[in-house]
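Single-letter residue listing:
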Amino acid sequence: MKSKLLLIVLSSFAIVSCKTIKSGTSKSIDISGVGVIHKPVIADLEIAPQKSTKTMVIKNMELLSNAKNEIIRILLNENNADLLVEPKFDSTTKNGKTELTVTGWLAYYKNFRTIEEKDLKLIEIRPAVIRQVETNQSSILENKK
């Protein structure tokens, strides 16, 4: 009886030890950080002529800010777009479920190039227009049934 128990324990260790864990390291530096000098790169922005819309249902209002980031991410991935211009959000909550809708213009970066003298005129005219684009990260916990 003890040998059968020992065999079962050893078999369970063998099964558990078959997991693969991948790990690695990387180094990165912020392009506007100390130690990096580069020529500015600019790009044209092609904006879709029609607004796009995406709706999703969320069950927990605490996740609303995450859900806003997630719905934009999904809309961009579905359309292979780079960013969403002027996103507008509408939400309706009923019976503990919130229906969240985002509407905005899909945009695509085109024609990356090193800045030229003719581009500097635009910067001089409207420096307030040039600003940082927000980058958001979302994480939604889904309960599988």
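That block above? That's the structure.
Reading guide: rules and limits
- Residues numbered from 1 in each chain as written.
- Predicted model: local features only at pLDDT ≥ 70, side-chain atom pairs only at ≥ 80, totals over all residues.
- Heavy atoms only, no water.
- Helix = DSSP H or I, 4+ residues; strand = E, 2+ residues; numbered from the N terminus.
- Buried < 20%, exposed > 50% of the residue type's maximum accessible area, 1.4 Å probe, protein only.
- Contact = heavy atoms within 4.5 Å.
- Areas by Shrake-Rupley, 256 points an atom, 1.4 Å probe, with all protein chains shown as cover.
- Expected span 1.5 Å × (residues − 1).
- Salt bridge = Lys/Arg side-chain N within 4 Å of Asp/Glu carboxyl O.
- Core = buried A, V, L, I, M, F, W, Y, C linked by side-chain atoms within 4.5 Å.
- Pairing = 2+ DSSP bridges.
- Axes fitted to C-alpha atoms, helices over the stretch in contact; angles between N-to-C directions.
- Patch = residues over 30% accessible without salt bridge, like charges linked within 9 Å, V, L, I, M, F, W, Y side chains within 5 Å.

Visitor: Could you give an account of the overall build of the protein chain, naming the residues involved and the relevant values?
Guide: Secondary structure summary: the protein chain contains three helices and three strands in total. Each helix and strand of the protein chain, ordered N terminal to C terminal, gives the series α-β-α-β-β-α. In the protein chain, which comprises 145 residues, the share counted as buried stands at 18%. Considering only contacts within the protein chain whose residues lie at least 6 apart along the sequence, 65% involve residues at least 24 apart. Total accessible area on the protein chain is roughly 12700 Å²; 55% of this is exposed by carbon and sulfur atoms.

Visitor: Give a detailed account of helix α2 (residues 64-79), specifying residues and quantitative values.
Guide: An α-helix turns once per 3.6 residues; consequently, residues spaced three or four apart project the same way. Over its 16 residues, α2 runs 23 Å from end to end, which matches the ideal 22 Å to within 8%, given 1.5 Å per residue. Within α2, burial applies to Leu64, Asn66, Ala67, Asn69, Glu70, Ile71, Ile72, Leu75 and Leu76. Residues of α2 that are buried sit in contact with β1 (41-58), β2 (83-94) and β3 (97-114). Just downstream of α2, Asn80 is the residue with a positive phi angle, here 50 degrees.

Visitor: Describe the pattern of salt bridges, and please don't skip the residues or the numbers.
Guide: Under the definition given, this model contains five salt bridges. As a salt-bridge pair, Glu70 and Arg73 come within 2.6 Å of each other at their nearest N and O atoms. Taken as a pair, Glu70 and Arg73 lie in helix α2 at a separation of three residues, close to a single helical turn. Between Lys118 and Glu116 there is a salt bridge; the shortest N-O distance is 3.6 Å.

Visitor: Break down the nonpolar core for me, citing the residues and quoting the values.
Guide: Core analysis: the largest hydrophobic core is formed by 14 residues, its most contacted members being Ile71, Ile72, Leu76, Leu84, Val102 and Leu106. Every element with two or more residues in this core is listed here: β1, α2 and β3. Broken down by element, the residue count for this core peaks at six residues, all from α2. Those residues within four positions of Leu76 in sequence are excluded, and the remaining contacts are Ala81, Asp82, Leu83, Leu84 and Leu106.

Visitor: Could you give me a rundown of the sheet that holds β2, with the residues and numbers involved?
Guide: In space, the three strands of this open sheet follow the order β1-β3-β2, with antiparallel pairing throughout. Looking at which strands have only one partner, the edges of the open sheet turn out to be β1 and β2. When strand polarity is set aside, the average angle formed by the axes of neighbouring strands in this sheet is 10 degrees. Note that β1 and β3 share 14 bridges and pair antiparallel. Across the sheet, the residue bridging to Met56 is Leu100, located in β3.

Visitor: Tell me about a nonpolar patch on the surface, residues and numbers included.
Guide: On the surface, a nonpolar cluster with roughly 480 Å² of combined accessible area is contributed by Val41, Leu45, Ile47, Tyr109 and Phe112. Elements represented by at least two residues in the nonpolar patch include exactly β1 and β3. Structurally, the position occupied by Tyr109 is in strand β3.

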